[in-house]
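Commentary on secondary and tertiary structure
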Amino acid sequence: MATFLYRLGRFAFRRRRLVVLVWLGLLATGVAGAATLSGPTADGFSIPGTESQRAADLLNDRFPQAGADAGTARIVFQAPPGRTLTDAATTAQVQQTLARVEAAPQVARVLDPFTTKAISDDGRTGYAQVTYDVTAQEVTPEAQEAMAAAVEPARAAGLTVEYGGDAMQVQDEQSLTEVIGIGVAAVVLLITFGSLVAAGLPLLSAIIGIGIGVAAITAATGFIDIGSGTPILALMIGLAVSIDYALFIMSRYRNELSTGLEPEEAVGRAVGTAGSAVVFAGLTVVIALAGLFVVDIPFLTQMGLAAAFTVVLAVAIALTLLPALLGFAGRRVLGGRIPGLRSGDPEAAGRMTAGRRWAQFVTRRPVAVLLVTVIGLGALAIPATDLELGLPDDSTAAPDSTQRKAYDLLSEGFGPGFNGPLMVVVDAGGSADPRAAASATVAAVRGLPDVTMVTPPTFNPAGDTALLTVIPASGPGTTQTRDLVEAIRALPENDRAEVAVTGATGIGIDFSDKLRDALVPYLLLVVGLAFLLLMLVFRSLLVPLKATLGFLLTVAATFGAVVAVFQWGWLAGLFGIEGQTGPVISMLPIFLIGVVFGLAMDYQIFLVTRMREEHVHGAEPRAAVVDGFTHGARVVTAAAVIMTAVFSGFILSSQTLIREMGFGLALAVAIDAFVVRMTLVPAVMALLGRSAWYLPRWLNRLLPDVDVEGDSLRQHLPPTPQPREPELSTR
């Protein structure tokens, strides 16, 4: 592989104008396609194989007027002290408000509290149910603004009016997070390379790569349903790995230039060695993201495949476009020195670096470093044993938001279960007496613990399907409500009538359960395939094992911190989430595993391939660890700082999912890069010595030689010139 990539790098360097024109042509084509072919994104999702999905499909087929997947909202009214909602003036205000709501866009029907008797015992609090003619994700901002405008006159008249529900969830807004991330990346690259040209080329190649990827995904929305979150994830991951890969090749190119090689030869050797690591690092990320298909939730599979596509683009860009751009830059990547910053490769210039000093410290005290690191990460992981999963609802909204106020008012006036009603479907198509079967189901459900109320059954026109609404005594995210759902589903059939639970609460429970059940198979698939890939790269059994165990430590520690902050409320004030704690978002763990595994293996490959290269070329074990670490530390540090800063920006989001995702990704990248890869890895490698590279002979013969360390280049190319001071040129 090293020889092929060496030739590819030199080809891109020589034919740089053609290569750049091809990539710019792809970018222009993608942008044109996005502008002319794109369609709307699809915000709904299905969960195949779950009872709630089967029940929802049954309702849509037999009982479409029930609006099983329609967006809903609740408007909660509370009269001032000393008054009730049944007072004539107050009743008039409520009815006028509901008339304005009914005239708002996308509203299908409104059930007022006087008709449904949804008024508290003291008469002060009541709620109206609003059903939309579209799904919650398709409710437009204009419709939400109409709701806000409709309640203002009643508030001005002295009533407390708040509203919430899935249709009132604030849609994610476009932010400058990506722009800020690129700005942070530019600063870190300037500090790392000390050169404007060297810092600018990785950014330029990354922007072109993610531009093509996101444009292609956007254009594809005109032909297939793509979720609105898919381009965002693709952008995040594409930006991350594009900068990582360009950093690694640029660093190696500058190192080769510093030894006296001509630019074309330096590009060939950089792509032949560092490019091999980039290829296998990209493969691990692709495996982690594409492996999301095992969850069997279409929108997650779609997000994973789209993000994997941007990773493939990032690898191709790093191996072809970056060498072409280096053909235009030549030795100027060593020039353009910024005052106060060092340019060139400090190792080639013979300077002692912080990375070398740290590697020497770790390898001199490997046992102590290993124990402190493992104990520290283990302690941080302890809260993960209490991990609870759920979907965000109004209970975790900001305390001063109308959604949270409506949730609290409803809980105080009627009980927490009114915020999470269950939709119970009775399929009596095979029953001799459907109405008797439905009545028997009502009686059975009323006899279960934690049930506050069961509405009379409502039948579809054919009379073979009934719908009940069950109000639990506990809130939607509690263990008691989960137990109630399981108890209803476990009810025996009555006269061949089947009972199923759906609705927002039932779907949330099934979604969390499916993701929880998929965690272990997903881990086994991703870790197993990556283990084989790393064994192929490093020709070792212990190095892939160490990489995998280190990743598991990272994940455990990250989950522990997420639980401590977002579920237990530790440091809640620091992160602006006071009063917003609750179960961890269901999709966060599996998403975190996929993304972090890919980035962690990037850092593993970047660091350890250079250690192996030094070992293969004859260095003693400890010297190979120190030298390899020194060459890779600057790149990994820069990449980790950039990614940590980019992901940290999402902590500022008002959306629970985005906030938790930003916190988890930022912390995981920091832990894995600085604690696991740059501390634990050199300590373990120093302890293992030569045995780190042990591979049974029979297995060594079976595995193809991918030559990541570029040994074939050393055998067939002229020797590298002796290091010399960087020559600054404008050529």
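Before reading on, note that the structure itself is shown above.
Presented here is an overview of the structure given in this document. (Residues numbered from 1 in each chain as written. Predicted model: local features only at pLDDT ≥ 70, side-chain atom pairs only at ≥ 80, totals over all residues. Heavy atoms only, no water.)

Side note on the sheet that holds strand β2 (residues 107-111)
Formally: A pair of strands is considered paired only if DSSP assigns at least 2 bridges between the two. Only DSSP runs of H or I covering at least 4 residues are called helices, and only runs of E covering at least 2 are called strands; the numbering of each starts at the N terminus. As a rule, the C-alpha atoms of each element are fitted with a line to give its axis, helices using only the stretch in contact, and angles between N-to-C directions run from 0 to 180 degrees. Pairs of residues are marked as contacts when any of their non-hydrogen atoms sit within 4.5 Å.
Strand order across the open sheet formed by four strands is β2-β3-β1-β4, with antiparallel pairing between neighbours. Because the sheet does not close on itself, it has two edges, and the strands there are β2 and β4 (160-164). Looking at each pair of strands side by side, their axes are set apart by 20° on average, direction ignored. The strands touched by helix α14 (residues 402-414) are β1 (72-78), β3 (125-132) and β4; relative to β4, the strand with the most contacts, the crossing angle is about 105°.

A closer look at the nonpolar core
Note the threshold: To define a nonpolar core, start from buried Ala, Val, Leu, Ile, Met, Phe, Trp, Tyr and Cys residues and group those joined through side-chain atoms within 4.5 Å. Burial here depends on accessible area, computed with a 1.4 Å probe over protein chains only, as a share of the maximum for the residue type. Under 20% is buried, over 50% is exposed, and the range in between is partly exposed.
With 151 residues, the main nonpolar core has Y245 and V333 as its most contacted residues. Ranked by residues supplied to this core, first place goes to helix α11 (residues 298-329) with 18 residues. If we ignore the near neighbours within four places in the chain, the residues touching V333 are S195, V197, A198, L201, M250, Y253, R254, L257 and L326. One finds L98, V130, A143 and L159 within the second-largest nonpolar core, a separate group that totals 26 residues.

Digging into the pairing of strand β6 (residues 422-427)
Of all six residues in β6, six are buried, a share of seventy percent or more. Of the two faces of β6, the one carrying L422, V424 and V426 and the one carrying M423, V425 and D427 are both buried. For β6 and strand β9 (residues 465-472), the ladder comprises six bridges, and the chain directions are antiparallel. Following the sheet pairing, L422 is matched in β9 by V470.

Remarks on the packing of helix α10 (residues 263-290) against helix α19 (residues 588-616)
Going by this rule: Throughout, the term roughly parallel applies to angles under 35 degrees, roughly antiparallel to angles over 145, roughly perpendicular to angles from 65 to 115, and oblique to all others. Note on convention: near helix rotated counterclockwise from far helix by under a right angle means a left-handed crossing. Clockwise means right-handed.
Look at α10 against α19: their axes get within 8 Å of each other, and the N-to-C directions meet at 160°. As summarised for this structure, α10 and α19 are arranged roughly antiparallel, according to the angle between their axes. Note on packing geometry: the crossing formed by α10 with α19 is right-handed. Of α19, the residues touching α10 (which contributes A277, V278, F280, A281, G282, T284, V285, A288 and L289) are G594, V595, F597, G598, L599, M601, D602, I605, F606 and T609.

Digging into the pattern of salt bridges
As a reminder of what qualifies: Each reported salt bridge corresponds to a side-chain nitrogen of Lys or Arg within 4 Å of a carboxyl oxygen of Asp or Glu.
Taken as a whole, this structure holds 18 salt bridges when the rule is applied. Residue R155 is joined to E162 by a salt bridge in which the shortest nitrogen-to-oxygen separation is 3.1 Å. Among the ionic pairs, D510 bridges to R489, the shortest N-O distance being 2.8 Å. One end of the pair, D510, is in helix α17 (residues 503-538); the other, R489, is in helix α16 (residues 479-489), with 21 residues separating them in the sequence.

Quick word on a nonpolar patch on the surface
The condition that has to hold: Exposure above 30% relative accessible area and the lack of any salt bridge qualify a residue for a patch; like charges then connect within 9 Å, and the nonpolar side chains Val, Leu, Ile, Met, Phe, Trp and Tyr within 5 Å. Method for areas: the Shrake-Rupley scheme with a 1.4 Å probe, in which residue coverage is limited to the protein chains shown.
Together, F11, L18, V22 and L26 give the surface a local cluster of nonpolar side chains, amounting to about 320 Å² of exposed area. When residues of the nonpolar patch are assigned to their parent elements, the largest contribution, three residues, is made by helix α2 (residues 16-37). Mapped onto the elements of the fold, L26 is located in helix α2. The class of L26 is partly exposed, set by a relative accessible area of 40%.

Observations concerning the packing of α2 against helix α8 (residues 196-220)
Running from N to C, α2 and α8 point in directions that differ by 30°, and their axes come no closer than 8 Å. Between α2 and α8, the interaxial angle falls into the category roughly parallel. Both α2 and α8 take part in a crossing whose hand is left-handed. Counting all contacts with α2, which are made through W23, L24, L26, L27, G30, V31, G33, A34 and L37, the residues of α8 involved are I208, G211, I212, A215, T218 and A219.

As for the side chain of T373
We count it as follows: We define a polar contact as two N or O atoms separated by no more than 3.5 Å, with the added condition that, inside protein, one atom must be a possible hydrogen donor and the other a possible acceptor, whereas residues neighbouring each other in sequence contribute only through side-chain atom pairs.
Turning to its location among the elements, T373 is positioned in helix α13 (residues 366-381). A polar side-chain atom of T373 sits 2.7 Å from the main-chain carbonyl oxygen of V369. In this view, T373 contacts V675, T679 and L680; residues no more than four positions away in its chain are not counted.

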